[in-house]
Amino acid sequence: MATFLSDDKRSTSTLDEKLDAEKQAHVVPAIAEFDDPNLDKEAVLLEDDSPYPEVRSAVANTDDPDMPVSTFRAWVIGLAWSILIPGMNQFFYFRYPSVTVGGIVAQLLAFPIGRAWARFMPNVRIFGLQVNPGPFNVKEHVLITIMATVGYQSAYATDIIAVQRVYYNQVYNFGYQWMLVMSTQLIGFSIGGIARRFLVAPPSMIWPANLVTCALFNTLHSQQYSGMGSRGGISREWFFTFAFIGSFAWYFLPGYLFGALSFFNWVCWIVPDNIVVNQLFGYYNGLGMSLITFDWSQIAYIGSPLASPWWASANVAGGFVFFLWILTPILYYTNTWYSKFMPISSRGSFDNTGGAYDVSRILTADSTLDLAKYEAYSPLFLSTTFALSYGLSFAGITATVVHTALYFRKQIWIQARRSLSEQPDIHARLMSRYRQVPEWWYSIIFIVMFVFAVICIELLHSQMPVWSLVLALIIAFVYTVPIGMIQAITNQQIGLNVITELVIGYALPGRPIAMMMFKTWGYITMYQALQFTSDFKLAHYMKIPPRPQFAAQVIATIIAGTVQLGVQAWMFTNIENMCDPEQKNGFTCPGTEVFGTASIIWGVIGPQRQFSKGQVYYGLVFFFLVGAVTPLISYLGTRRWPNSFFKYVNFPVIFSGVGYIPPASALNYVPWAIVGFIFNYVIRRRHFSWWTKYNYILSAGLDSGVAISVIFIFFTLQYPRNGTIGKNTIMTWWGNTVSANTADGLGTPLLPIPDKGYFGPDSW
C-alpha cells in the first residue's frame, strides 16, 4: 500500500531503522500542550507514527490516496443500512423488552455484502458511475459504517412528538415533525464543524472508542502496520473469530438460559430477606458489593472497559467508591431526604406513601400544574442514588468549565490560531492532501436548521420564545469543546440534559412542551456535534476524505430521521392501544414514559419546588460549588508535585462517570472497573506486546458476539408467539428467578411507612 509522508520517507520495518532515520530528520513533536496521562513519554517519538501506544496499536500509519471511497457501491449499501437500521430500532424502541441494532452489527454485515457485490455484480456503468469498481476496500467499508451508524438510534426529538400525542393530546402534521427532528439532529453538525480543529486534528484527542472500531476494520481487511507489533501467536483475524464465536455462544447463558449469571447478586441469595445485606450487595436496587457478573452486556453497558485508558477508568471507579459506597450509605442510613422509606437505589420517583409518583393527580385539564392538587397529594421523592446523581450532574457542569480553563486553555488558544494542515501528527499530515469541508457548508446547515427550529417554535404554540432557543444553542456551543476534549481523552461524556432541564425549569416554569424542546436543542445539539466529531476522527484515522464523509453524514441523518418519523407515524396509526401499559404486544413505550414524566417533573412541578431553599433537595445545589473548587485541588497538586498521582485526577470524569446511574446500576460499574484494571493496567504493563496486538480486537469480538446473539435470541426465542416461548419452563426455573426473588430484586425499603400514613414534611 502506498504511503504518503511529508518528507517522502517510507516507514521502515524495524525499530533500529526508524532510529537511524530519525537521527537525520527534524522531528516536529506531536505532544499535547498539557500534561497528557495518555502519552507514552518513555517511547521514542517517531515522525511517522503516533506517540500514543493505544493509537499505534489500532491505527495504520499509512494511506493509499488512490483507493476508491465514495463509490456507487458504498452509497447503495450505506443508504440501505441508513434506512433499515434506524427504522428497525425506532420500531423496537417503543417495545419492552426491546433490542437495539448497534453500529457494530452494520460494520460486520456490511463486510460480506461488500465482498459479495465485488464478486457477483457486473462491471458496468449507470449514469456514468461504475457499479463494480473492483475489490471491496476498507475505505468504502468505513463510509458505509458511518452512514449506518450516524442516525441508528431513535432520534431524541421523536420522543417530543410521542409525548405530545400521548400526554398532551397534541397531534401535528408531518411537516412540523420533520422540521423538528431535522433541526435537532443536524444543527449540532454545524457546531461539530467548528470544533473539529480542537477535537479531531490534535493527536492528543485520541477518542478511545474509535480505536476499537479501527482495529476491527484493519482486522477484517487484513491491514498490516508497524504499530500492531510483531508478537507471534495466532493472527488477529483468527483471534477475533474465536472471541466472536465464544461471545455469541456464551451469551445464551446469562441472556436467556441462566439469568442469574447476569444479575449475579450471590450474597443476596444466601440471605434474601435481610434488607441491609441486600441493599449493600444487591444489583437491582443495591450498591453492587457482590462485585462480579458473567454477562459482557452488563460489563460493557457504560462502554467497553477495554477501550478506556486505565487512569480514566480509575477516576470513574474512585468516584463510584466514594459517592456510591461511602457517601450514599451515610446519607441513606441517616435518613437524609427521608431515604429509608424508599429503596437505596432506584430509577423511579415516589410519593410520600412509598408508591410510584402519580403525575396525573397534580395536573389540570390542559396538562399544567394544579397547585391545590399538588399540595393535597405529595411532594416528589427520589432514591438516594437518583438524587445524588442530580448533584453529581451539577458538579460535573462547573467542574468541566474550571478543568478546561486550567488544563486546556493553552491548547485551545493554539488550536484556534493553527490551520488544520499544520498539525504535528502523521495522521494529520496524511490527511492534509485531501480538501477540507468549506466553512460555508456548515453555515448553510446552521442557518437552515435554525429557521426550521424557529418555525416549530412560533407556528405551533410551543410556549417557547425564540430567545430560549438561542440560549439552548449557546449552552450547547459553549460546552461542546470542553466536554469533547474530556471525552476524546477519557472516553467519558458529560451530559447536558440535567442542566438544561434546570435552566428552563427556572426560566419558564409550567411549560412542559417548552422544557422538552429546550432540553433537546441544548443537550442533543452538543451530543450530535460530538457524534459528528467522533465520526470525523474515525475518518481521520482511516484516511477518508472529509467532503465525502460530510455528505454521507448529512444525507444519512436526513434519511434516518425521515424513516424513523414514518415508522412512528405508522405505529401510532395502526397498532392498537399504543403506549398503553397493558398493550398486548408489549408496545408500552417505556422511553416515552420516562420522557413524559420528566416533562412534568421539570416542566410542570419545576425545579423551584425541589431544589430551592427550604425544599427537600436544596442541599444538592451546593454541588455546583463543589464542582468549581475541586479541579483546583488536582491542578495545584500537579503544579507542586508534577509526577504524583495528581496528574491522573480528573474531577469532571469523577463527577460524571457515575452519571449513567440511573438507568445503569452498580452492576454496570464494579465489574467494568475490575475488567479495565486487569486488561489496561495489569496486562498492559506486564504483557504489552499481547495487549498491543489483541486488546482492541478482543473488545470488538466480545461486543460483536453479544450484539448478534441479542438479536438472534430476541427474534427466535422472545419475539415469536408474543413472548410465550419458555414462559412456563425456562423462564420460571431457579436460575432465572433467584436473583429477583430477594429484597434487592423487590426493592424493599429499610423502614415501613409511619402510622400516620405518609413520610416527609407535613406541608410543602
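Residues numbered from 1 in each chain as written. Predicted model: local features only at pLDDT ≥ 70, side-chain atom pairs only at ≥ 80, totals over all residues. Heavy atoms only, no water.

Q: Honestly, the overall build of the protein chain in this entry has me stumped. Any pointers?
A: Helix and strand counts for the protein chain stand at 30 helices and four strands. The globule rule puts the C-alpha radius of gyration for 764 residues at 27 Å, and the 26 Å found for the protein chain is close to it. The 764 residues of the protein chain split such that 57% are buried. Placing the 46 positive and 42 negative side-chain charges of the protein chain at their respective mean positions leaves the two points 3 Å apart. (Helix = DSSP H or I, 4+ residues; strand = E, 2+ residues; numbered from the N terminus. Rg over C-alpha atoms; globule rule 2.2 N^0.38 Å. Buried < 20%, exposed > 50% of the residue type's maximum accessible area, 1.4 Å probe, protein only. Lys, Arg positive; Asp, Glu negative; His and termini not counted. Charge placed at Lys NZ, Arg CZ, Asp CG, Glu CD.)

Q: Is there a simple way to explain the confidence of the model for the protein chain in this structure?
A: In regions of low pLDDT, the predicted coordinates are not meant to be interpreted in detail. When pLDDT is averaged across the protein chain, the result is 85; 91% of the residues are at 70 or more. Here helix α1 (residues 15–23) stands out as the least confident element of the protein chain, with mean pLDDT 33; helix α12 (residues 275–281) is the most confident, with 95. Counting interchain partners and residues more than four positions distant, the pLDDT-below-50 stretch residues 1–31 has 51 contacts. (pLDDT = per-residue confidence, 0-100. Contact = heavy atoms within 4.5 Å.)

Q: How should unusual backbone geometry be read in this particular structure?
A: Negative phi characterises most residues that are not glycine, and trans characterises most peptide bonds. For asparagine 169, which is not glycine, the phi dihedral falls at a positive 55 degrees. Take asparagine 169: it is sitting in the loop between α6 (156–166) and α7 (174–199). With relative accessibility at 67%, the residue asparagine 169 sits in the exposed group. Its identity is not glycine, yet tryptophan 337 carries a phi of approximately 60 degrees, on the positive side. By secondary structure assignment, the location of tryptophan 337 is in the loop between α14 (310–333) and β3 (349–350). Take tryptophan 337: its relative accessible area is 13%, and that puts it in the buried class.

Q: Just to check I follow, could you spell out the nonpolar core for this structure?
A: Within soluble globular proteins, side chains that are nonpolar tend to cluster in buried spots. Counting residues in each nonpolar core, the largest one holds 198 residues, and the members touching the most others are Leu180, Tyr390, Leu496, Trp521 and Leu620. Considering every element that reaches this core, the biggest residue donor is helix α22 (residues 512–542), with 17 residues. When residues no more than four places from it in sequence are discounted, the contact partners of leucine 180 are Ala157, Ile160, Ile161, Cys456, Met517 and Trp521. In this structure, Phe94, Ile575, Phe587 and Cys589 belong to the second largest nonpolar core, which totals nine residues. (Core = buried A, V, L, I, M, F, W, Y, C linked by side-chain atoms within 4.5 Å.)

Q: Please explain the environment of tyrosine 167 as it appears in this structure.
A: Looking at where tyrosine 167 falls in the secondary structure, it is placed in the loop between α6 and α7. C-alpha of tyrosine 167 to C-alpha of serine 360: the two residues are 193 residues apart in sequence and 9.6 Å apart in space. Sequence-distant contacts of tyrosine 167, defined by excluding residues within four places in its chain, comprise Ser367, Thr592, Glu593, Gly596, Thr597 and Ile600. A distance of 3.4 Å separates a polar side-chain atom of tyrosine 167 from the backbone oxygen of glutamate 593. (Polar contact = N/O pair within 3.5 Å; in protein donor to acceptor, adjacent residues only side chain to side chain.)

Q: Teacher, can you tell me more about the pattern of salt bridges here?
A: A side chain of one charge can pair with a side chain of the opposite charge if their charged atoms are brought near each other. Scanning the model with the defined rule gives six salt bridges in all. When the shortest N-O distance is used, the salt bridge between arginine 196 and glutamate 439 registers 3.7 Å. With arginine 196 in helix α7 and glutamate 439 in helix α19 (residues 439–459), this pair connects stretches of sequence that are 243 residues apart. Under the relative-accessibility criterion, glutamate 439 is labelled partly exposed at 42%. Aspartate 762 serves as the salt-bridge partner of lysine 756, at 3.3 Å between the closest nitrogen and oxygen. (Salt bridge = Lys/Arg side-chain N within 4 Å of Asp/Glu carboxyl O.)

Q: In this structure, what is going on with α22? I would like to understand it.
A: For an α-helix, the turn length of 3.6 residues means that residues three or four places apart are oriented alike. End to end, α22 covers 44 Å across 31 residues, agreeing with the expected 45 Å (1.5 Å per residue, within 8%). Largest kink in α22: about 25 degrees, centred on isoleucine 524. In terms of residue burial, α22 counts as a mostly covered element, since 29 of its 31 residues are buried. Two residues or fewer after α22 comes lysine 543, characterised by a positive phi angle close to 65 degrees. (Expected span 1.5 Å × (residues − 1). Bend = angle between axes of the 7 residues up to and from the residue.)

Q: Would you mind showing me how to read the environment of alanine 476 here?
A: Structurally, the position occupied by alanine 476 is in helix α20 (residues 466–490). Setting aside residues up to four positions removed in sequence, alanine 476 forms contacts with Leu496, Trp521, Gly522, Thr525 and Met526.

Q: Which parts of the structure should I look at to understand the state of the cysteines?
A: A covalent bond between the sulfur atoms of two cysteines is what we call a disulfide. Using the criterion set out here, one finds one disulfide in the structure. Two residues, cysteine 579 and cysteine 589, share a disulfide whose sulfurs are 2.0 Å apart. Handedness here is read from the sign of the S-S torsion; for cysteine 579 and cysteine 589, about -80 degrees, the answer is left-handed. Highlighted residues: cysteine 579 in the loop between α23 (546–574) and α24 (590–605) and cysteine 589 in the loop between α23 and α24, separated in sequence by 10 residues. Given the relative accessible area of 12%, cysteine 579 is considered buried. (Disulfide = S-S within 2.5 Å.)

Q: When you look at the packing of aromatic side chains in this model, what are you seeing that I'm missing?
A: Geometrically, a pair of aromatic rings is defined through the distance of the ring centres and the angle of the planes. Under the counting rule described, the total for this entry stands at 62 aromatic pairs. Measuring from ring centre to ring centre gives 5.5 Å for phenylalanine 320 and tryptophan 325, while their planes differ by 70 degrees; the resulting arrangement is edge-to-face. On the basis of relative accessibility, which here comes to 3%, the residue phenylalanine 320 falls in the buried class. Overall, the relative accessible area of 23% leaves tryptophan 325 in the partly exposed class. Each member of the aromatic cluster is reached from another via a ring pair, and the members are Phe189, Trp440, Trp441, Tyr442, Phe532, Phe536 and Phe550. We note lysine 519 situated over the ring of phenylalanine 595; from NZ or CZ to the ring centre the distance is 4.3 Å. (Phe/Tyr/Trp six-rings, centres within 6.5 Å; stacked < 30°, edge-to-face > 60°. Lys NZ or Arg CZ within 6 Å of the ring centre and 35° of its normal.)

Q: I'm lost on the packing of helix α16 (residues 384–407) against helix α25 (residues 623–640) in this one. Help?
A: Think of two packed helices as two axes; the pair is described by the angle between the axes and how far apart they sit. Orientation of α16 relative to α25, taken along the N-to-C sense of each, is 40 degrees, at an axis distance of 7 Å. Taken together, the axes of α16 and α25 lie oblique to each other. α16 and α25 meet at a crossing whose hand is right-handed. Here Leu388, Gly391, Leu392, Phe394, Ala395, Thr398, Ala399, Val402, His403, Leu406 and Tyr407 of α16 lie close against α25, whose contacting residues are Phe623, Phe624, Gly627, Ala628, Pro631, Leu632, Ser634, Tyr635 and Thr638. Residue composition of the contact of α16 with α25, by class: 14 nonpolar, six polar and no charged. (Axes fitted to C-alpha atoms, helices over the stretch in contact; angles between N-to-C directions. Parallel < 35°, antiparallel > 145°, perpendicular 65-115°, else oblique. Left-handed = near helix turned anticlockwise from the far one by under 90°. Nonpolar A, V, L, I, M, F, W, Y, C, P; charged D, E, K, R; others polar.)

Q: Honestly, the side chain of threonine 742 in this entry has me stumped. Any pointers?
A: Note on placement: threonine 742 falls in the loop between α29 (734–737) and α30 (743–746). With a relative accessible area of 2%, threonine 742 lands in the buried category. A distance of 2.9 Å separates a polar atom in the side chain of threonine 742 from the backbone oxygen of serine 739. Of the polar contacts made by the side chain of threonine 742, one reaches the backbone nitrogen of glycine 745; its length is 3.0 Å.

Q: Would you explain the environment of glutamine 531 in this entry?
A: With respect to the element layout, glutamine 531 can be found in helix α22. Take glutamine 531: its relative accessible area is 21%, and that puts it in the partly exposed class. Counting along the chain gives 381 residues from glutamine 531 to valine 150, while the straight-line C-alpha distance between them is 7.4 Å.

Q: In this structure, what is going on with a nonpolar patch on the surface? I would like to understand it.
A: Taken together, the side chains of Trp250, Trp266, Ile270, Val271, Leu291, Ile292, Phe294, Ile674, Phe677, Ile678 and Tyr681 make up a nonpolar region of the molecular surface, amounting to roughly 930 Å² of accessible area. Put simply, the parts of the chain that give the nonpolar patch at least two residues each are α11 (266–270) and α27 (670–686). The element best represented in the nonpolar patch is α27, accounting for four residues. Looking at the secondary structure, you find isoleucine 292 in the loop between α12 and α13 (296–299). (Patch = residues over 30% accessible without salt bridge, like charges linked within 9 Å, V, L, I, M, F, W, Y side chains within 5 Å. Areas by Shrake-Rupley, 256 points an atom, 1.4 Å probe, with all protein chains shown as cover.)

Q: Would you explain the packing of helix α8 (residues 208–220) against helix α9 (residues 236–250) in this entry?
A: Closest axis-to-axis distance for the α8/α9 pair is 9 Å, and the angle between their directions is 115 degrees. Classed by the angle they form, the pair α8 and α9 counts as roughly perpendicular. Two packed elements cross with a definite hand, and for α8 against α9 that hand is left-handed. Between α8, through Ala215, Leu216, Asn218 and Thr219, and α9, the contact on the second element is made entirely by Arg236, Glu237 and Phe240. For the contact of α8 with α9, the per-class residue count stands at three nonpolar, two polar and two charged.

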